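Take a look at the letters that make up each chain.
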Amino acid sequence: MKYIEPHAHMVSRTTDDYERMAIAGCEVVCEPAFWAGFDRRSVDGFHDYFCQLTEHEPKRAAKFGLKHFSWLCINSKEAEDVKLAEEVIALIPKFLNRPNVLGIGEIGLNKNSRNELRVLEMQVDLAARHEQLILVHTPHLEDKSKGTRLILDVLKSDKRIQPERVIIDHVEEHTVELVLNAGMWAGMTLYPETKCTPARAIDILETYGSEKIWMNSACDWGVSDPLAVPKTAREMKRRGHLAAAIEKIIFQNPKTFLGQSLHFKI
Ligand SMILES: [Zn+2]
């Protein structure tokens, strides 16, 4: 079955992963800017990372027949240094016209700190000024509910932001409704242990429906599975979901959301 992987950190994966994803039916992979597994010490580190996301990784993906898109930002894990964040944010506009860039992301909160919030507001402003889509990372575990509320407050208080052009990722049972009620899209991240397992994600779909929801593997440097989306699709089939309903979640929904960017041509 064909599918879109809407959130994967491919710079951390091997060519074997690209090959397995292509064999499993992946046609498009989208890569938000995030932590590199270590804190970068200067703005130059981000410049090189943005080049990696917009020049080098699309070529690596193309060797396996996959289209590669990316999102740009400074992530919340490295947002404590506000001065550095300002320098990185100043760098982003010159990359926004590159043909594989979809928007600003994954911005958000990690520990819900004051500096993270300030940098989040700066990047929401950046997206608004440049009419970019927004992809948001929400904190893990006990910080998730509070962090999601704080993020929604920031987004809703900026009247330039259209909710249907925002996706809030890593939703779980206790945050999905908040996001959908705000008119935004919700992403479910399928992790082997933390975040959503495939079974929990399907339970959420069966409870809240399949409008404005997508699933992703968010595969990165930690324990994660680049085939989580097709494996969950297989589990949906086993649980009696029809082929059209499965295709909506793993292909049509991400295509609809991402298609709001003029760069997303597939
Ligand atoms: Zn991510």
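Refer to the structure printed above.
Just so it is clear, the structure is predicted and the values come from calculations on it, not from any experiment. Going along each chain's sequence as written, the residues are numbered from 1 onward. For a predicted model such as this one, the threshold for reporting local features is a pLDDT of at least 70, and the threshold for listing and counting side-chain atom pairs is 80 or more; totals across whole chains, interfaces and linings nevertheless cover every residue. Excluding hydrogens and water, the side-chain values take into account all heavy atoms of the structure.

A.B. asks: Before we move on, can you summarise helix α1 (residues 15–24) with the specific residues and values?
C.D. replies: Those residues of α1 that fall on the buried side of the exposure criterion are D17, Y18 and M21. On an axial view of α1, the arc spanned by its buried residues comes to 100 degrees, and they lie on one face. For α1, the exposed residues set more than 90 degrees away from the buried face come down to D16 and I23. What makes two residues a contact is simply this: any of their non-hydrogen atoms within 4.5 Å. Under the scheme used here, helices are H or I runs from DSSP no shorter than 4 residues and strands are E runs no shorter than 2 residues, and both carry numbers assigned from the N terminus. Considering only its buried residues, α1 is in contact with β1 (3–5), β2 (26–32), α2 (43–62) and β3 (67–72). Following α1 by one or two positions, G25 has its phi on the positive side, about 110 degrees. Relative accessibility decides the category of a residue: with a 1.4 Å probe and only protein chains considered, values under 20% of the type maximum give buried, values over 50% give exposed, and everything between is partly exposed. Each C-beta atom gives one direction from the helix axis, and the arc is the one those directions make.

A.B. asks: Hey, could you go over the environment of F251 for me, with residue numbers and the actual values?
C.D. replies: Turning to its location among the elements, F251 is positioned in helix α9 (residues 243–258). You can call F251 buried: its relative accessible area is 5%. Residues F251 and K2, spaced 249 residues apart in sequence, show a C-alpha to C-alpha distance of 7.1 Å. With sequence-adjacent residues up to four places away left out, F251 is seen in contact with K2, Y3, I4, E27 and I266.

A.B. asks: Go over the nonpolar core, please, and point to the residues and values.
C.D. replies: Side-chain atoms within 4.5 Å are what join buried Ala, Val, Leu, Ile, Met, Phe, Trp, Tyr and Cys residues into a set we call a nonpolar core. Counting 72 residues, the largest nonpolar core has F50, L155 and I168 as its most contacted members. Sort the elements by how many residues they give to this core and helix α4 (residues 114–129) lands first, with seven residues. Once residues within four sequence positions are removed from consideration, F50 is found in contact with A33, L72, C73, V88, L91, I92 and F95. In this structure, I4, V28, C30 and I167 belong to the second largest nonpolar core, which totals 15 residues.

A.B. asks: A description of the coordination of the zinc ion should follow, citing residues and the corresponding values.
C.D. replies: Distances up to 2.8 Å from the metal define which N, O and S atoms are donors, and 3.2 Å serves for Na, K and Ca; water is absent from the atom set, so sites may look incomplete. Distances from the zinc ion to its protein donors, H7 (NE2), H9 (NE2) and E106 (OE), fall within 2.0 to 2.1 Å. Linear spacing of the donor residues for the zinc ion on their chain is H-x1-H-x96-E. Grouping residues by exposure puts H7 and H9 together as buried.

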